[in-house]
Amino acid sequence: MKANYTNKLSIKLISIGDVEVGKSCLIKRYCEGSFVSDYITTIGIDYGVKKVPFNDSLVAINIFDLSGDDDYKTVRRPYYKDTLGVLMVYDINIRSTFDNLNKWEKEAESSGLDLSKCIVIVVGNKSDIKNKREVKAETAKEWARNKGYHFYEASAKTGANVSESFKYLFEGMFNRTIDNRSKYVY
Ligand code: GTP
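Let me begin by describing the structure that accompanies this report.

Reading guide: rules and limits
Position numbers for residues count from 1 along each chain, tracking the sequence in the order it is written. Per-residue local features are limited, in this predicted model, to residues with pLDDT of at least 70; the limit for side-chain atom pairs, both in listing and counting, is 80 or more; totals at the level of whole chains, interfaces and linings are taken over all residues. Side-chain descriptors were evaluated using all non-hydrogen atoms of the structure, hydrogens and water having been removed beforehand. Think of it this way: any DSSP run of H or I at least four residues long counts as a helix, any run of E at least two long counts as a strand, and we number them from the N terminus. Every residue pair with non-hydrogen atoms within 4.5 Å of one another is taken to be in contact. By convention, a stacked pair of Phe, Tyr or Trp rings (six-membered ring in the case of Trp) has centres within 6.5 Å and planes under 30 degrees apart, an edge-to-face pair has planes over 60 apart, and any other such pair is tilted. Accessible area is worked out with a 1.4 Å probe on protein chains only. A residue is then buried under 20% of its type maximum, exposed over 50%, and partly exposed in between. Any Lys NZ or Arg CZ that is within 6 Å of a ring centre and within 35 degrees of that ring's normal is treated as a charge sitting over the ring. Think of it as the arc spanned by the lines of direction from the helix axis to the C-beta atoms. Here, any two strands with at least 2 DSSP bridges between them count as paired. By definition, the crossover connecting two strands over a helix is right-handed if that path, from the first strand to the second, turns clockwise as seen with the strands pointing away from the viewer.

1. Some details on the overall build of the chain
Right, on to step 1. Looking only at helices and strands, one finds 7 helices and 6 strands in the chain.
Right, on to step 2. Reading the helices (α) and strands (β) of the chain from amino to carboxyl end gives β-α-β-β-α-β-α-α-β-α-β-α-α.
Right, on to step 3. Over its C-alpha atoms, taken along the principal directions, the chain stretches across nearly 50 × 35 × 30 Å.
Right, on to step 4. Restricting the contact set of the chain to residue pairs at least 6 apart, pairs at least 24 apart contribute 75%.

2. Looking at the packing of aromatic side chains
Right, on to step 1. Scanning all chains against the criterion turns up 11 aromatic pairs.
Right, on to step 2. Ring centres of phenylalanine 54 and phenylalanine 174 lie 4.7 Å apart, and the angle between their planes is 35°; on these two criteria the pair is classed as tilted. Highlighted residues: phenylalanine 54 in strand S2 (residues 45-54) and phenylalanine 174 in helix H6 (residues 162-178), separated in sequence by 120 residues. The exposure classification of phenylalanine 54 matches that of phenylalanine 174, with both residues buried.
Right, on to step 3. Residues phenylalanine 98 and tryptophan 143 carry aromatic rings whose centres are separated by 5.9 Å and whose planes lie at 70° to one another, so their mutual orientation is edge-to-face. You can see phenylalanine 98 sitting in helix H3 (residues 95-99) and its partner tryptophan 143 sitting in helix H5 (residues 137-147), a full 45 residues away along the chain. Tryptophan 143 shares its class with phenylalanine 98; the two are buried.
Right, on to step 4. Members of the aromatic cluster, joined through ring pairs, are Tyr30, Phe54, Phe166, Phe170 and Phe174.
Right, on to step 5. For lysine 12, the ring lying beneath its charged end belongs to phenylalanine 64, and the centroid distance is 5.0 Å.

3. Brief notes about the environment of leucine 84
Right, on to step 1. Inspection of the secondary structure assignment puts leucine 84 in the loop between helix H2 (73-76) and strand S4 (85-91).
Right, on to step 2. Judged by relative accessible area, which is 6%, leucine 84 ranks as buried.
Right, on to step 3. Once the C-alpha coordinates of leucine 84 and tyrosine 149 are considered, the two residues, 65 residues apart in sequence, prove to be 13 Å apart.
Right, on to step 4. When sequence neighbours within four positions are dropped, the list of residues in contact with leucine 84 reads Ile11, Lys12, Cys118, Ile119, Met173, Arg176, Thr177 and Tyr184.

4. Structural notes on helix H4 (residues 101-110)
Residues lying three or four places apart along an α-helix face the same way, a consequence of the helix completing one turn every 3.6 residues.
Right, on to step 1. Leu101, Trp104, Glu105, Glu107 and Ala108 are the residues of H4 that are buried. Relative to the axis of H4, the buried residues are bounded by an arc of 165° and lie together on one face. Residues of H4 that are exposed and point more than 90 degrees away from the buried face comprise Lys106 and Ser110.
Right, on to step 2. Positive backbone phi, at 100°, marks glycine 112, one or two positions downstream of H4.

5. Focus on the pairing of strand S5 (residues 119-125)
As a general feature of sheets, a regular strand has side chains that alternate between the two faces.
Right, on to step 1. Extensive coverage of S5 is indicated by the burial of 7 of its 7 residues.
Right, on to step 2. Where burial is concerned, the two faces of S5 agree: the one with Ile119, Ile121, Val123 and Asn125 and the one with Val120, Val122 and Gly124 are both buried.
Right, on to step 3. Note that S4 and S5 share 7 bridges and pair parallel. Its bridge partner lying in S5, glycine 85 is registered against isoleucine 119.
Right, on to step 4. In the sheet, S5 pairs with strand S6 (residues 150-153) via 4 bridges, with the strands oriented parallel. Along S6, the bridge assignment pairs glycine 124 with glutamate 153.
Right, on to step 5. Read as a crossover between parallel neighbours, the route from S5 over H5 to S6 is right-handed.

6. Topic: unusual backbone geometry
Of all residues except glycine, most have a negative phi; of all peptide bonds, most are trans.
Right, on to step 1. Positioned with a positive phi, aspartate 82 is a non-glycine residue whose angle comes to about 65°.
Right, on to step 2. If you trace the backbone, aspartate 82 turns up in the loop between H2 and S4.
Right, on to step 3. On the basis of relative accessible area, aspartate 82 is assigned to the exposed category, the value being 70%.
Right, on to step 4. Positive phi values are uncommon outside glycine, yet asparagine 131 reaches one of about 65°.
Right, on to step 5. Within the fold, asparagine 131 resides in the loop between S5 and H5.

In structure tokens:
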């Protein structure tokens, strides 16, 4: 039976973080329940839409998966605007990918995105890899907490904490639409 929704809403989510940290794999794991082990770099931007019911609304989440490659900096810039949710990813086994989150914040802000108005989650990915850890969970958790972001360690490979991360992100984004519904109706 086809569900009837009072509203159809459209919201925007972006993913940011260094190359190869696993942004595309996390999104694919959540949206399709699968994992790709061959590395295919995002060329500029990947786009997809996921429709999720929320109360009496059907919410289209427009996902813009931004390439982490600096060659695409100019291509990425216009995609920051009007974003409600941010998936900020680093690799727990490569310290520089965590340190570079400061760089990603700067790029987002200088491209017109006010992160303090977004729901941001920081995901330390590749938690399935053992004995190579370069970033302690407590360090990243504290960094995220100071910024007002939520933090998870996850693995796109095993699926650990992936649905929890997206659930938190989506619920936060959905709640933000409540006070300003007309902005998101389509
Ligand atoms: P760009 O599109 O270049 O910015 O990279 P990305 O951040 O989207 O990375 P992508 O999702 O393409 O993954 C990069 C590589 O890491 C691929 O070889 C994946 O198979 C691997 N990978 C992603 N997530 C995990 C994970 O949780 N564990 C392990 N072991 N490997 C992962």
